[in-house]
Amino acid sequence: MNVEEEETERARQQERTETWQEQTNSEEQLAMKVSAVSIVVNAILSVGKLLAGIVAHSGAMISDAVHSASDVFSTIVVMVGVHMAAKKSDEDHPYGHERMECVAAIVLAVVLAITGVGIGVGGVRTIAGGHYSVLAVPGIAALIAAVVSIVLKEAMFWYTRHYAKMIDSGALMADAWHHRSDALSSVGALIGIAGARMGFPVLDSAASVVICIFIMKAAFEIFKDAVDKMVDKSCDAQTEQEMRQCILEQDGVQGIDMLHTRVFGNKIYVDVEILVNGQWRLYEAHETAERAHDELERRFPKVKHIMVHVNPCACEER
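Being a predicted model, the structure only gives us computed values, none of them experimental. (Residues numbered from 1 in each chain as written. Predicted model: local features only at pLDDT ≥ 70, side-chain atom pairs only at ≥ 80, totals over all residues. Heavy atoms only, no water.)

J.: Quick rundown of the layout of surface pockets? Include the residues and the values.
T.: Regions of empty space are outlined by a rolling probe, equal in size to a water molecule, passed over the atoms. For the second largest pocket, the calculated volume is near 570 Å³. Forming the walls of the second largest pocket are 32 residues, and the residues nearest its centre are Asp168, Asp225, Lys229, Val263 and Lys302. Elements with a minimum of two residues in the lining of the second largest pocket: helix 3 (99-129), helix 4 (140-167), helix 5 (170-197), helix 6 (202-230) and strand 2 (267-277). Top element by residues in the lining of the second largest pocket is helix 6. It accounts for seven residues. (1 Å grid on protein atoms, 1.4 Å probe; cavity = no way out; pocket = protein on both sides within 12 Å on 5 of 7 lines; lining within 4 Å. Points joined across faces, edges and corners; volume = space filled by probe spheres on them. Helix = DSSP H or I, 4+ residues; strand = E, 2+ residues; numbered from the N terminus.)

J.: I'd like a description of the nonpolar core, backed by residues and values.
T.: In terms of nonpolar packing, the biggest core is built from 33 residues, with Met61, Val78, Leu112, Leu172, Ile193 and Ile222 touching the most fellow members. Per element, the largest residue contribution to this core is seven residues, and it comes from helix 3. One finds Ile247, Val263, Val272 and Leu296 within the second-largest nonpolar core, a separate group that totals 21 residues. (Core = buried A, V, L, I, M, F, W, Y, C linked by side-chain atoms within 4.5 Å. Buried < 20%, exposed > 50% of the residue type's maximum accessible area, 1.4 Å probe, protein only.)

J.: Give a description of the packing of aromatic side chains that names residues and reports values.
T.: Applying the stated criterion to the full structure yields two aromatic pairs. Consider the rings of Phe157 and Trp158, whose centres lie 5.2 Å apart with planes at 75°: the pair is edge-to-face. For the ring pair Tyr159 and Tyr163, a centre distance of 5.3 Å and an interplane angle of 75° mean the geometry is edge-to-face. Of this pair, Tyr159 and Tyr163 both sit in helix 4, separated by four residues, roughly a single helical turn. We classify Tyr159 as partly exposed; its relative accessible area is 25%. Lying across the ring of Phe157, Arg180 places its NZ or CZ 3.9 Å from the centre. When the ring centre of Tyr269 is taken as reference, the NZ or CZ atom of Arg262 above it lies at 4.7 Å. (Phe/Tyr/Trp six-rings, centres within 6.5 Å; stacked < 30°, edge-to-face > 60°. Lys NZ or Arg CZ within 6 Å of the ring centre and 35° of its normal.)

J.: Before we move on, can you summarise the packing of helix 7 (residues 237-248) against helix 8 (residues 282-299) with the specific residues and values?
T.: Closest axis-to-axis distance for the helix 7/helix 8 pair is 9 Å, and the angle between their directions is 140°. If you check the angle between helix 7 and helix 8, you find them oblique. Pair helix 7 / helix 8 crosses with right-handed handedness. Touching Met243, Cys246 and Ile247 of helix 7 are Ala292, Glu295, Leu296 and Arg299, all from helix 8. Of the residues belonging to the contact of helix 7 with helix 8, the class tally is five nonpolar, no polar and two charged. (Axes fitted to C-alpha atoms, helices over the stretch in contact; angles between N-to-C directions. Parallel < 35°, antiparallel > 145°, perpendicular 65-115°, else oblique. Left-handed = near helix turned anticlockwise from the far one by under 90°. Contact = heavy atoms within 4.5 Å. Nonpolar A, V, L, I, M, F, W, Y, C, P; charged D, E, K, R; others polar.)

J.: Summarise the side chain of Ser35; cite the residues concerned and give the values.
T.: Looking at where Ser35 falls in the secondary structure, it is placed in helix 1 (residues 3-55). Since its relative accessible area comes to 1%, Ser35 is described here as buried. Among residues more than four places away in sequence, those in contact with Ser35 are Thr75, Val78, Met79 and Leu172.

J.: Quick rundown of the pairing of strand 3 (residues 303-313)? Include the residues and the values.
T.: Taken together, the ten bridges between strand 2 and strand 3 define a ladder with parallel strand orientation. Along strand 3, the bridge assignment pairs Val276 with Pro312. (Pairing = 2+ DSSP bridges.)

J.: Provide a residue-level description of the sheet that holds strand 2, including the pertinent values.
T.: Whether parallel or antiparallel, the strands of a sheet pair through hydrogen bonds between backbone atoms. Taken in spatial order, the three strands of this open sheet run 1-2-3, and their pairing is mixed. The outermost strands of the open sheet, each flanked by one partner alone, are strand 1 (255-264) and strand 3. The average angle at which neighbouring strand axes cross in this sheet is 15°, direction not considered. Against the sheet, helix 7 touches strand 1, strand 2 and strand 3, its axis set at about 135° to strand 1. With respect to the sheet, helix 8 is in contact with strand 2 and strand 3, its orientation differing from that of strand 3 by roughly 150°.

J.: Outline the environment of Glu27, supporting the account with residue identities and numerical values.
T.: Mapped onto the elements, Glu27 comes out in helix 1. The buried category is assigned to Glu27, whose relative accessible area is 15%. C-alpha separation for the pair Glu27 and Tyr163, spaced 136 residues apart in sequence, amounts to 9.3 Å.

Rendered as structure tokens:
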């Protein structure tokens, strides 16, 4: 490769890096906007539900308010994780910081689990204590607050989920499911409050236990997804098959000896060994590898880094 070709290659690499950074910055701005909306909605909801729970003497609604308040903290964790994940590569982190989103999601899952346990323990203590006849019957304000919470939190779930899928953000998707868990917990609160008002006060506390179960389930799913992305899990079989087909379609590629993929945060890294004519000059083999590299990058936007290794073969040209 002569000097002119080396300069062209360096320019292409610089252009790729700049394109990645522009895309990352755009995704960060969108995630911050969605998170800001989440914080405002959760802050208003948590205060409203707390007041309704106190006024209407509803333990389930107060528990639900605590859940909404935890959402404010969890969204702040998401914002910090997304911001750190968007940082440029540096000497200590040459592959970037995408896994910081996974760290944020794990922290979020732990906070969610702790919140769930606290709510569940309170409900179990009330149920185990007996004396149901002295339990206060929740007022109508708690019932109205539960309905409002269900509608708003379900709307926030779909809103956050839409943008999480758009930018493929694990942390933002975890926050979306946090909204869904809050909506489900409000359903439990609604049932418990309604049952208590119908003459079964213990159902208000039972609803807190149901809320705990929903929260713990959401926490486990968020934690599992984040861990999968932290331990270099491979892409799904269909994506890898599509990558194989893409590589084999390139002129000069005679076959594939090996294809490994790994999910790094919300990005994909690819290592592939291709077969080319063993009689070719190095320059011809390099051109083929470049074609495979560039086409993979074009067809699969989530791919951040590709390493193409060339193996010689004695096969005839296809």
